Amino acid sequence: MKKITLFFALVLLSFQSNAQIADGSVAPDFTVTDINGVTHSLSTYLAAGKTVLMDVSATWCGPCWNLHNSKALEDLTIAYGPEGSDEVVVLFIEGDAATTSADLNGTTAATQGNWVAGTNYPIIDGSNVGSLYQITYFPTVFRICPNGLVYEVGGRTASAIRTDLNANCVPLIGTQNNVGALENANSFCTSAGSAVTKMRNYGENTITTATVNLLENGTVVATKNYTGSMPRFTTRNVTFDSYSFDATANYSVEVATANSNPVLNPTLASAAMDVDVASQATTDVVVKVYTDNYPSEISWNIKNSAGTIVATAGPYAGTASGGGVDANTTKIHNVTLLTNDCYSINLLDSYGDGWGYGSTPHGLEVFNSSDLSIVSIDGDNFTTTLAKPNAMTTTQLSVSAFEVNNLKLYPNPTTGIISINTETSVNVSVVDVTGKVVFVATNVTKDKNIDLSGLQKGVYLAKISSENATTTEKIILN
């Protein structure tokens with residue numbers, strides 16, 4: 001990252017006066033509390049025969065973020081943690097004393113992203129632990145075997161770390177038929193399409209057959225049988241036959257069987273599926289680009305269904321150190337599309353850290369010729385490329401289908417205040433992940449904001465109803 005890279009170097013140098021704890025040392029004991037209020041004691045885990053993996057990182061550290069996003073420690077937790085064979089404990093230790101809760105949640109400029117969302121092992125804001133182990137650089141990953149000796153294992157793959165644990169600690173037993181379904185998104189130019197889902201093997205046996213179901217509002221509407229080879233810690237795609245999706249329905253997938261046996265953990269084997277249908281666009285659209293503080297790294301393009309770029313712009317005027325005439329501003333482009341085609345949009349960043357720097361909104365928005373916003377893409381959280389396939393179509397739809405595709409909430413993700421694209425008044429009801437209605441608004445127009453700032457951060461579903469159409473949209477509240 002930009003300014004953070006210099007900060008990283010300064011902190012790294014400040015650690016060089018102390019040598020990192022030597023391999024084979026007796027691991028210093030600690031008792032800490034994670035961000036959810038749960039206490040963790042190293043000596044208690046070791047006494048129970050557990051092997052402890054400890055990732056000491058900093059939220060501003062790029063290599064730490066890469067390790068986090070590799071999902072290696074997540075894989076090991078699923079396979080050998082409490083919901084698997086319960087042989088390994090994984091702990092994330094934020095080792096920089098200056099880190100805040102906001103940094104961990106990815107809402108400041110001094111962080112690589114949201115470290116909390118989706119993490120399935122404990123997160124501990126514990127610079128004291130880093131000091132105990134005399135950390136000289138981030139990330140540092142330690143293994144502490146039940147014998148209480150500590151060794152550095154490095155930021156390797158899940159398979160490589162598993163091999164290291166087997167060779168140097170108590171050999172891992174693992175589980176069988178431990179298959180997980182991964183959250184996934186599908187986008188189509190029309191309401192009918194062949195959905196693709198992913199499944200991952202966390203068990204010891206190679207999976208050669210599996211039965212995967214597609215569910216609509218909790219009811220199985222399609223089944224696909226997988227045949228192939230899926231070794232431990234590998235992912236395979238499953239493609240369903242074409243299905244006509246309902247814009248008002250909620251979709252999910254489940255792995256019902258693996259190697260002709262029930263899966264170990266049905267909860268792990270189920271996941272949500274997002275299904276988006278392209279927004280209706282006029283042939284003349286307006287693209288508004290909301291730049292960040294480094295516009296010289298920003299560019300974008302629109303591709304047609306053949307993959308040909310039909311519109312592109314950027315990089316914009318700026319300096320390598322940030323700022324410039326096009327920094328933190330709005331660039332407006334008029335684009336002409338052909339009829340009866342489907343278009344994808346790509347946001348690009350040459351530095352590889354997205355469009356997330358500065359106090360203004362960052363991203364791209366497309367407006368129809370009637371000044372109706374039809375596509376909104378948040379540019380904060382990506383690296384080199386952020387792709388939105390099948391974002392808009394110029395194929396004519398029926399009136400009801402047109403309304404469904406354009407009943408969109410924005411910005412999304414949001415910090416609380418959202419608006420809706422609609423030419424008529426609509427009713428909006430918001431439910432949480434348990435199905436409880438937590439917010440209701442009636443007679444909402446495009447000029448009236450919806451304030452969700454009173455709700456807790458998380459994922460919600462919003463049901464939007466007009467006189468002629470109803471749709472459901474996921475909201476991410478940051």
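Please refer to the structure higher up on the page.
So, here's what we can say about the structure. Starting from 1, residues in each chain are numbered consecutively following that chain's sequence as written. At least 70 in pLDDT is required for a residue's local features to be given in this predicted model, at least 80 for side-chain atom pairs to be given and counted, and no such filter applies to totals for whole chains, interfaces and linings, which use all residues. Side-chain figures throughout are based on the complete set of non-hydrogen atoms in the structure, without hydrogens or water.

## Some remarks on the overall build of the chain
Then, number 1: Assigned secondary structure in the chain consists of eight helices and 35 strands.
Then, number 2: Computed over C-alpha atoms, the radius of gyration of the chain comes to 24 Å, within 12% of the 23 Å expected from 2.2 N^0.38 for 478 residues, which places it in the range of a compact globule.
Then, number 3: Three exposure classes are used, based on accessible area relative to the maximum for each residue type with a 1.4 Å probe and protein chains only: buried under 20%, partly exposed in between, and exposed over 50%. Looking at the chain as a whole, 47% of its 478 residues qualify as buried.
Then, number 4: Contact between two residues is taken to exist if any of their heavy atoms lie within 4.5 Å; hydrogens are not considered. A fraction of 69% describes how many contacts in the chain between residues 6 or more apart in sequence connect residues 24 or more apart.
Then, number 5: Here Asp and Glu are counted as negative and Lys and Arg as positive; His is not counted, and neither are the chain ends. Taken as the charge centre is NZ of Lys, CZ of Arg, CG of Asp or CD of Glu, depending on the residue. Distance from the positive charge centre (23 side chains) to the negative charge centre (41 side chains) of the chain: 3 Å. A run of H or I in DSSP counts as a helix once it spans at least four residues, and a run of E counts as a strand once it spans at least two, with each numbered from the N terminus. Both definitions apply: the radius of gyration is a C-alpha atom measure, and the globule rule equals 2.2 Å times residues to the power 0.38.

## Some words on the packing of aromatic side chains
In this description, a pair of aromatic rings is defined by centroid distance and the angle of the planes.
Then, number 1: Any Phe, Tyr or Trp ring, taking Trp's six-membered ring, that has another such ring centre within 6.5 Å forms a pair; planes under 30 degrees apart are called stacked, those over 60 apart edge-to-face, and the others tilted. By the definition in use, this model includes 10 aromatic pairs.
Then, number 2: A centroid spacing of 5.4 Å and a plane angle of 40° characterise the contact between Tyr133 and Phe142, whose relative ring orientation is tilted. Exposure class is identical for Tyr133 and Phe142. Each is buried.
Then, number 3: Note on Tyr243 and Phe245: the rings are 5.2 Å apart at their centroids and 80° apart in plane angle, and the pair reads as edge-to-face.
Then, number 4: An aromatic cluster is present here, built from Phe188, Tyr243, Phe245 and Tyr251 joined pairwise through their rings.
Then, number 5: One cation-aromatic arrangement involves Lys288 over Phe367; the distance from NZ or CZ to the ring centre is 4.6 Å. The rule for a charge over a ring is simple: NZ of Lys or CZ of Arg within 6 Å of the ring centre, and within 35 degrees of the ring normal.

## Notes on the sheet that holds strand S23 (residues 309-313)
Then, number 1: We treat two strands as partners when DSSP finds at least two bridges between them. Taken together, five strands build an open sheet; the order of strands is S20-S28-S25-S22-S23 and the sheet is mixed. Only two strands of the sheet have a single neighbouring strand rather than two, namely strand S20 (279-280) and S23.
Then, number 2: Pairing of S20 with strand S28 (residues 385-393), which is carried by two bridges, proceeds in the parallel orientation. Each residue of the ladder has a partner; that of Gln280, found in S28, is Thr393.

## A look at helix H7 (residues 158-168)
Then, number 1: Within H7, the full set of buried residues consists of Ala158, Ile161, Arg162, Asp164 and Leu165. An end-on view of H7 places all buried positions within 160° of arc, on one side of the element.
Then, number 2: The inward-facing, buried residues of H7 contact strand S4 (51-57), helix H4 (72-80), strand S5 (88-94) and strand S7 (140-144). Regarding the arc, it is the one traced by the directions from the helix axis to the C-beta atoms.

## With respect to the packing of H4 against H7
Then, number 1: Orientation is described by axes fitted as lines to C-alpha atoms, over the contacting stretch for helices, and by angles from 0 to 180 degrees between their N-to-C directions. Orientation of H4 relative to H7, taken along the N-to-C sense of each, is 55°, at an axis distance of 8 Å. With respect to their mutual orientation, H4 and H7 come out oblique. In this structure, H4 contributes Ala72, Leu73, Asp75, Leu76 and Tyr80 to the contact, and H7 contributes Ala158, Ile161 and Arg162.
Then, number 2: Partitioning the contact of H4 with H7 into residue classes produces six nonpolar, no polar and two charged. Oblique is the label for every angle not falling under 35 degrees (roughly parallel), over 145 degrees (roughly antiparallel), or within 65 to 115 degrees (roughly perpendicular). Only Asp, Glu, Lys and Arg are considered charged in this grouping, and only Ala, Val, Leu, Ile, Met, Phe, Trp, Tyr, Cys and Pro are considered nonpolar; every other residue, Gly among them, is considered polar.

## Focus on the state of the cysteines
Then, number 1: Here, a disulfide means two cysteine sulfur atoms that sit within 2.5 Å of each other. In total, this model carries three disulfides according to the counting rule given.
Then, number 2: Note on cysteine connectivity: Cys145 is disulfide-linked to Cys169, with sulfurs 1.8 Å apart. Across the S-S bond linking Cys145 and Cys169, the dihedral sits near -65°, which makes this disulfide left-handed. Taken together, the positions of Cys145 in the loop between S7 and strand S8 (149-152) and Cys169 in the loop between H7 and strand S9 (179-182) put the pair 24 residues apart, joining distant regions of the chain.
Then, number 3: With its sulfur 2.0 Å from that of its partner, Cys189 forms a disulfide with Cys342. On the sign convention where negative is left-handed, the bridge of Cys189 and Cys342, at about -100° about the S-S bond, is left-handed. Within this pair, whereas Cys189 is found in the loop between strand S10 (184-188) and strand S11 (192-193), its partner Cys342 is found in strand S25 (residues 342-349), the two being separated by 153 residues in sequence.
Then, number 4: Looking at Cys342, the relative accessible area reads 6%, which means it is buried.
Then, number 5: Indicated for the chain is the disulfide connectivity 1-2, 3-4, 5-6, based on numbering the bonded cysteines in sequence order.

## Here we look at the environment of Thr339
Then, number 1: Take Thr339: it is sitting in the loop between strand S24 (330-336) and S25.
Then, number 2: Residue classification places Thr339 among the exposed residues on the basis of a relative accessible area of 52%.
Then, number 3: Beyond its immediate stretch of four places on either side in the chain, Thr339 contacts Thr283 and Thr394.

## Notes on the side chain of Ser419
Then, number 1: Mapped onto the secondary structure, Ser419 falls in strand S30 (residues 417-420).
Then, number 2: Judged by relative accessible area, which is 11%, Ser419 ranks as buried.

## Things to note about H4
Since the α-helix advances by 3.6 residues per turn, residues separated by three or four positions end up pointing in the same direction.
Then, number 1: Along H4, nine of the nine residues are buried, which leaves the element largely enclosed by surrounding structure.
Then, number 2: For H4, the full list of buried residues reads Ala72, Leu73, Glu74, Asp75, Leu76, Thr77, Ile78, Ala79 and Tyr80.
Then, number 3: Looking at the buried positions of H4, the neighbouring elements they touch are S4, helix H3 (62-70), S5, H7 and strand S12 (196-201).

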